[in-house]
Amino acid sequence: QVQLVERGGGLVQAGGSLRLSCAVSGSTFGINAMGWYRQAPGKQRELVATISNNGRTTNYVDPVKGRFTISRDNAKNLVYLQMNSLKPEDTAVYYCNAKSFSGLEYWGQGTQVTVSS
């Protein structure tokens with residue numbers, strides 16, 4: 001089993017920054033790629049960014065490219081999402097996601113990010 005706990009959400013003004021973290025515990029040796037997703041009110045959960053097991057490959061959806069940075073520290077079992085130049089449309093609950101080598105998928109409980117205009 002793998003447990004994911006997100007931290008770092010909050011209320012920020014447009015143009016501001018937040019750094020989300022995701023602490024991974026449990027059977028961490030089986031974790032492959034990780035990612036961040038978000039779900040805005042009334043919308044489906046959507047992918048934000050992913051990072052490979054060794055951290056060398058990252059992918060971002062177009063709306064966050066150039067503003068968000070995903071990173072991971074495997075020694076500390078942490079994954080981060082640095083969010084800069086935040087916009088009101090970034091308001092959502094942000095979820096940490098982990099995919100195991102065996103194909104299992106795990107989710108955190110989510111952390112609320114609210115960007116005021």
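The following paragraphs examine the structure supplied in this document. (Residues numbered from 1 in each chain as written. Predicted model: local features only at pLDDT ≥ 70, side-chain atom pairs only at ≥ 80, totals over all residues. Heavy atoms only, no water.)

1. Topic: the pattern of salt bridges
One side chain can pair with another of opposite charge once the charged atoms of both are near each other.
Then step 1. Following the criterion strictly, the structure yields five salt bridges and no others.
Then step 2. Two residues, Asp-62 and Lys-65, come together in a salt bridge whose shortest N-O distance is 3.0 Å.
Then step 3. Given the relative accessible area of 59%, Asp-62 is considered exposed.
Then step 4. The class for Lys-65 is partly exposed, based on a relative accessible area of 48%.
Then step 5. Between Lys-99 and Glu-105 there is a salt bridge whose closest N-O contact spans 3.1 Å.
Then step 6. Residue class for Lys-99 comes out partly exposed when judged on its relative accessible area of 33%.
Then step 7. When salt bridges that share partners are traced, they join Arg-38, Glu-46, Arg-67 and Asp-90 into one network. (Salt bridge = Lys/Arg side-chain N within 4 Å of Asp/Glu carboxyl O. Buried < 20%, exposed > 50% of the residue type's maximum accessible area, 1.4 Å probe, protein only.)

2. Quick word on the nonpolar core
Then step 1. One finds Leu-4, Met-34, Trp-36, Leu-81, Met-83 and Tyr-94 to be the most contacted residues of the largest nonpolar core, which totals 28 residues.
Then step 2. Look past the residues within four positions of Met-34 in its chain and what remains in contact with it is Leu-4, Cys-22, Val-24, Ala-49, Thr-50, Ile-51, Ile-70, Arg-72, Val-79, Cys-96, Asn-97 and Ala-98. (Core = buried A, V, L, I, M, F, W, Y, C linked by side-chain atoms within 4.5 Å. Contact = heavy atoms within 4.5 Å.)

3. A closer look at the side chain of Asp-90
Then step 1. In this structure, Asp-90 sits in the loop between β8 (78-83) and β9 (92-100).
Then step 2. Since its relative accessible area comes to 1%, Asp-90 is described here as buried.
Then step 3. A polar contact of 2.7 Å, which involves the side chain of Asp-90, links it to the side chain of Arg-67.
Then step 4. In contact with Asp-90, other than residues within four places in its own chain, are Arg-38, Arg-67, Phe-68, Ser-85, Val-113 and Val-115. (Helix = DSSP H or I, 4+ residues; strand = E, 2+ residues; numbered from the N terminus. Polar contact = N/O pair within 3.5 Å; in protein donor to acceptor, adjacent residues only side chain to side chain.)

4. Describing the pairing of strand β5 (residues 46-51)
Regular strands place their side chains on alternate faces of the sheet.
Then step 1. Sheet analysis places strand β4 (residues 31-39) next to β5, joined by five bridges and oriented antiparallel. Each residue of the ladder has a partner; that of Arg-38, found in β5, is Glu-46.
Then step 2. Between the end of β4 and the start of β5, which pair antiparallel, lie six residues, with Gly-42 showing a positive phi angle near 75°.
Then step 3. Remark: six residues form the turn of the hairpin made by β5 and strand β6 (residues 58-60), two consecutive strands paired antiparallel; Gly-55 in that turn has positive phi of roughly 80°. (Pairing = 2+ DSSP bridges.)

5. A short note on the sheet that holds strand β7 (residues 68-73)
Then step 1. Read across the sheet, four strands follow the order β1-β3-β8-β7 without closing on themselves; strand pairing throughout is antiparallel. Of all strands in the sheet, those with a lone pairing partner are β1 (2-7) and β7, marking the two edges. The mean inter-strand angle of the sheet, taken between neighbouring strand axes irrespective of direction, is 15°.
Then step 2. Bridging between strand β3 (residues 18-26) and β8 involves six bridges; their strand directions are antiparallel. Along β8, the bridge assignment pairs Cys-22 with Val-79. (Axes fitted to C-alpha atoms, helices over the stretch in contact; angles between N-to-C directions.)

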